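Chains, contacts and geometry: an overview
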Amino acid sequence: MRSLNPWLVRGLMFLLMLASLAMAYVPEPNGAGVRPGVLPDAWITGGPKCMESTEFQIHEYNPDFYILRQSGCSHYEKPFLYLLFGAEEALLIDTGAGKPDVARVVLDVVAKWSERNGRESIPLTVAHSHNHSDHVAGDGQFQGVENVTFVPPQIDAVIEHWGFTNWPDEVVEVDLGDRVLDVFGIPGHQQASIAIYDRQTGVFLSGDTVYPGRLYINDPEAFTASVDRMINFTEDKVVAHILGCHIEQTNTPYLEFPIGSIFQPAEHRLELTRGHLYELKDAIESMDGEFKRVALRDLTIYPVGPEIWSQLRTRRAEVESSQRETQWNQMEAQQ
Ligand SMILES: [Zn+2]
Ligand SMILES: [Zn+2]
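Let me sum up the structure you'll find in this document. This is a predicted model, so every value here is computed, not measured.

Looking now at unusual backbone geometry. Here the residue pair tryptophan 167 and proline 168 is connected by a cis peptide bond, since its omega of -5° sits within 30 degrees of zero. Residue aspartate 94 is not a glycine yet carries a positive backbone phi of 85°. With respect to the helices and strands, the residue aspartate 94 is situated in the loop between β4 (90–93) and α2 (102–116). Given a relative accessible area of 0%, aspartate 94 falls into the buried group. Unusually for a residue other than glycine, asparagine 147 sits at a positive phi of about 70°. The class for asparagine 147 is partly exposed, based on a relative accessible area of 39%.

Another point: helix α5 (residues 220–234). The terminal C-alpha atoms of α5 lie 21 Å apart, and with 15 residues this matches the ideal 21 Å at 1.5 Å per residue to within 8%. Looking only at α5, the buried set comprises Ala222, Phe223, Ser226, Val227, Arg229, Met230, Ile231, Phe233 and Thr234. Considering only its buried residues, α5 is in contact with β8 (180–185), β9 (194–198), β10 (203–207), β11 (214–217) and α6 (274–287).

In the structure shown here, the tally under the stated rule is 20 salt bridges. The salt bridge partner of glutamate 256 is arginine 293, with a shortest N-O separation of 3.2 Å. One end of the pair, glutamate 256, is in the loop between β12 (241–244) and α6; the other, arginine 293, is in the loop between α6 and β13 (294–295), and 37 residues separate them in sequence. Under the relative-accessibility criterion, glutamate 256 is labelled buried at 18%. Glutamate 285 is the salt-bridge partner of lysine 281, the closest N and O atoms lying 3.3 Å from each other.

What counts as what
- Residues numbered from 1 in each chain as written.
- Chains lettered and ligands numbered in written order.
- Predicted model: local features only at pLDDT ≥ 70, side-chain atom pairs only at ≥ 80, totals over all residues.
- Heavy atoms only, no water.
- Helix = DSSP H or I, 4+ residues; strand = E, 2+ residues; numbered from the N terminus.
- Buried < 20%, exposed > 50% of the residue type's maximum accessible area, 1.4 Å probe, protein only.
- Expected span 1.5 Å × (residues − 1).
- Contact = heavy atoms within 4.5 Å.
- Salt bridge = Lys/Arg side-chain N within 4 Å of Asp/Glu carboxyl O.

Here's what the structure looks like:
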């Protein structure tokens, strides 16, 4: 057999290399092969008239993916909760802040989903993006409930439930039934923080680690490693949206709402992109190990220690109580 012209071989290899690069950057078919969904142009933040708002806004991203947003009238943190349905199982991430009436709302969506899909029920697992009080407040309401598996938010329970043998680096595959999620650890904001990637929609749930607002960093070293881990993981993935658990940014670049705000007119959008991870990495690298507060266009790096936490709590309480005093006529107060 005649040997191939070495230049031809090199040329072919070069073309193959180009093709593999193109695969990473130009996913086909059109639509990137992920199931689409719709995000609202603006979320209900709560207020200015608190008597008018329900405690949770329920948004249907698509028929098997729901986003719940707690009203600022109920708690100033206004967290986002995520409810995903697979063929075998549903998964709720987080249970709200303050004293939320959350189980009733979630179980109602689960019942309606079941009805819509012609089934009697579906088992629900309740887990958390991380273990902070504004994400676990409704936990008690899901414990001991029939057909509900409750995962405690503490790090040991998180590692055990998801089946990590190498936390936080390992990527654990979780199948909800025709819906595979990739889960890995992203400590730094809080030690039990996890990221969840939904292969079906290409949505990446980033918890309190990345969102349009103040990224409170408790452990800079772990946080830096987690940003790298998120960048590496998403390198060959389609990322439709990066969705975190709060919005604290206004839609004016670099401008945040005051800590403790109840009503947030003209909020930033919830969704971020993979580009924000790079912007974050870039900003962290430029700090050269000296973490400091830095405002980026859509989010703020906000290192905290015990002292700053207590200052923040005081400041937050002042803003929140002054807004509560005027919550019945905030429209006037805002003008
Ligand atoms: Zn948090
Ligand atoms: Zn939070």
